[in-house]
Amino acid sequence: MATIRLLSDAEVEKIPAVKAVFDDIRATRKSDFVNNFWRGLANDPAALKRVWEQLKAVMFADSAIDPLTKEMIYIAVSTANGCSYCIHSHTAAARAKGMTDAQHGELVSIIGLAGQTNHLVTAMQISLDPQFEVK
């Protein structure tokens, strides 16, 4: 259960700054759906706008990383940070961008392996190889 009120569309209509962001979310995503993350963040219109602009600049802008890969990275980081909401929402987004069951299974295997080896290297306090340092 949310610890903050989730604004309804009727409430959003009464707050021009929030309505503008919701309209942009809908236009950018080409969908009428605005998920609960944005509805909760809408309690702080400045934060809503700031976070949406950041997300839009990273996740929707043309870049060297394709949209599906971005979503898969987001899933991996969300898993590492323990954010169930983000894991679910970005898994849905990745599937919408074409992620297959096989890709998802491989992604989960990579995430699990990385977590395991990260913990091992941290526990053993292995020093960095000079070859891995940025020159």
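Note: the structure precedes this text.
Cut-offs and rules
- Residues numbered from 1 in each chain as written.
- Predicted model: local features only at pLDDT ≥ 70, side-chain atom pairs only at ≥ 80, totals over all residues.
- Heavy atoms only, no water.
- Helix = DSSP H or I, 4+ residues; strand = E, 2+ residues; numbered from the N terminus.
- Expected span 1.5 Å × (residues − 1).
- Buried < 20%, exposed > 50% of the residue type's maximum accessible area, 1.4 Å probe, protein only.
- Arc of directions from axis to C-beta.
- Contact = heavy atoms within 4.5 Å.

Chemist: Could you give me a rundown of helix 4 (residues 45-60), with the residues and numbers involved?
Modeler: Owing to its 3.6 residues per turn, the α-helix brings residues three or four apart onto one side. When the terminal C-alpha atoms of helix 4 are compared, their 21 Å separation across 16 residues agrees well with the 22 Å that a helix rising 1.5 Å per residue should span. Among the residues of helix 4, those classed as buried are A47, L48, W52, L55 and M59. Taken end-on, helix 4 shows its buried residues confined to a sector of 120°, consistent with a single buried face. Facing away from the buried side of helix 4 by over 90 degrees, the exposed positions are A46 and A57.

Chemist: Describe the side chain of E71, listing the residues and the values that go with them.
Modeler: Here E71 shows up in helix 5 (residues 67-81). By relative accessible area, which is 5% here, E71 ends up buried. In contact with E71, other than residues within four places in its own chain, are M59, H90, A93, A94 and K97.

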